[in-house]
Amino acid sequence: MEKLPLLLKKEGYQKINFKVSKTKHLLIKASINGIKGNFILDTGASNSCVGFESIDIFQLVAGKSKTKASGAGATGMFTQLAKDNLLQIGTWKHTTFHLVIFDLSHVNEALIQHKAKPVQGIIGADILIEGKAIIDYFNHCFYLKKI
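Everything numeric here is computed off the predicted structure, so don't read it as measured data.

A. Quick peek at the overall build of the protein. In terms of helices and strands, the protein carries 3 helices and 11 strands. Of the regular secondary structure in the protein, the N- to C-terminal order runs α-β-β-β-β-β-β-β-β-α-β-α-β-β. Its C-alpha radius of gyration of 15 Å places the protein within 12% of the 15 Å reference for a compact globule of 147 residues. Each of the three principal axes of the protein carries a C-alpha extent, and together these read 45 × 35 × 25 Å. The proportion of buried residues among the 147 residues of the protein is 40%. Partitioning the intrachain contacts of the protein with sequence separation of at least 6 by distance along the chain shows that 59% fall at a separation of at least 24. About 8900 Å² of surface is accessible on the protein, with carbon and sulfur atoms providing 55% of the total. Each charge class in the protein can be summarised by its mean position, and for the 19 positive and 11 negative side chains these summaries are 5 Å apart.

See below:
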C-alpha cells in the first residue's frame, strides 16, 4: 500500500486530502472560479452542485435547466445550470465545469442539527468519473487524474 501514492503520482494523479465530519460525510475544500468553498465529496450524487445562495459567491451565470433534483429526502426540486466554470480541487483543475444549482438548505439543516458545519456544495460522480478518482478511505485522501 505504501507504493500506491508513488505509482499514482507517476500516472499523473493528484492527491487531495479530505476530512470526515461528525456525520461521516467526506469534506473537501475546492474553489469555483477562484473562490474557495467547503464541499461534501459524494459518490452517490450524480452531479456536482451548489446552493442558490452560492450563485453570487462563486460568480456563477445561472441559466435554465429542465432537470429536477432529488436526494436526501427531497424530490422534484427546481434547478438551474451554470456552464463553463473553473473548478479546482487541490492542484487538479477542470476548466469547463458545469454545475447544477438548487436548494441545499435541507442538506445544511441536517448538518447543523448534528453540529457539523454547513457546506456550499457537493462534488459528485460527474467529477469523480471525469477525474478517474481513486478514494483511499483509510488515509483520508483521494486521487484525481490530470485532465
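That shown, we press on.
B. Focus on the environment of Gly-34. Tracing the backbone through its elements, the reader meets Gly-34 in the loop between β3 (26–32) and β4 (35–41). Gly-34 sits 54 residues away from Gln-88 along the chain, and the two C-alpha atoms are 7.8 Å apart.

C. How the structure looks around the packing of aromatic side chains. Under the counting rule described, the total for this entry stands at 3 aromatic pairs. Aromatic pair Phe-18 and Tyr-137: ring centres 6.5 Å apart, planes at 65°, arrangement edge-to-face. Taken together, the residues span a long stretch of sequence, with Phe-18 in the loop between β1 (13–17) and β2 (19–20) and Tyr-137 in the loop between β10 (134–136) and β11 (141–145) at a distance of 119 residues. With a relative accessible area of 4%, Phe-18 lands in the buried category. The exposure class assigned to Tyr-137 is partly exposed, which follows from its relative accessible area of 49%.

D. Examining helix α2 (residues 105–113) more closely. Burial in α2 covers these residues: Val-107, Asn-108 and Leu-111. Mapping the buried residues of α2 onto a view down its axis gives an arc of 90°, with all of them on the same face. At its buried positions, α2 is contacted by β4. Two residues or fewer after α2 comes Lys-115, characterised by a positive phi angle close to 60°.

E. Expanded view of the layout of surface pockets. In this structure, the second largest pocket spans a volume of roughly 390 Å³. Together, 17 residues line the second largest pocket, and Lys-19, Leu-27, Lys-29, Asn-38 and Lys-117 are the ones closest to its centre. Only β2, β3 and β4 provide two or more residues apiece to the lining of the second largest pocket. Here the lining of the second largest pocket gets 3 residues from one element, more than from any other, and that element is β3. Looking at the lining of the second largest pocket, its residues break down into 9 nonpolar, 3 polar and 5 charged.

Definitions and cut-offs
Residues numbered from 1 in each chain as written. Predicted model: local features only at pLDDT ≥ 70, side-chain atom pairs only at ≥ 80, totals over all residues. Heavy atoms only, no water. Helix = DSSP H or I, 4+ residues; strand = E, 2+ residues; numbered from the N terminus. Rg over C-alpha atoms; globule rule 2.2 N^0.38 Å. Buried < 20%, exposed > 50% of the residue type's maximum accessible area, 1.4 Å probe, protein only. Contact = heavy atoms within 4.5 Å. Areas by Shrake-Rupley, 256 points an atom, 1.4 Å probe, with all protein chains shown as cover. Lys, Arg positive; Asp, Glu negative; His and termini not counted. Charge placed at Lys NZ, Arg CZ, Asp CG, Glu CD. Phe/Tyr/Trp six-rings, centres within 6.5 Å; stacked < 30°, edge-to-face > 60°. Arc of directions from axis to C-beta. 1 Å grid on protein atoms, 1.4 Å probe; cavity = no way out; pocket = protein on both sides within 12 Å on 5 of 7 lines; lining within 4 Å. Points joined across faces, edges and corners; volume = space filled by probe spheres on them. Nonpolar A, V, L, I, M, F, W, Y, C, P; charged D, E, K, R; others polar.

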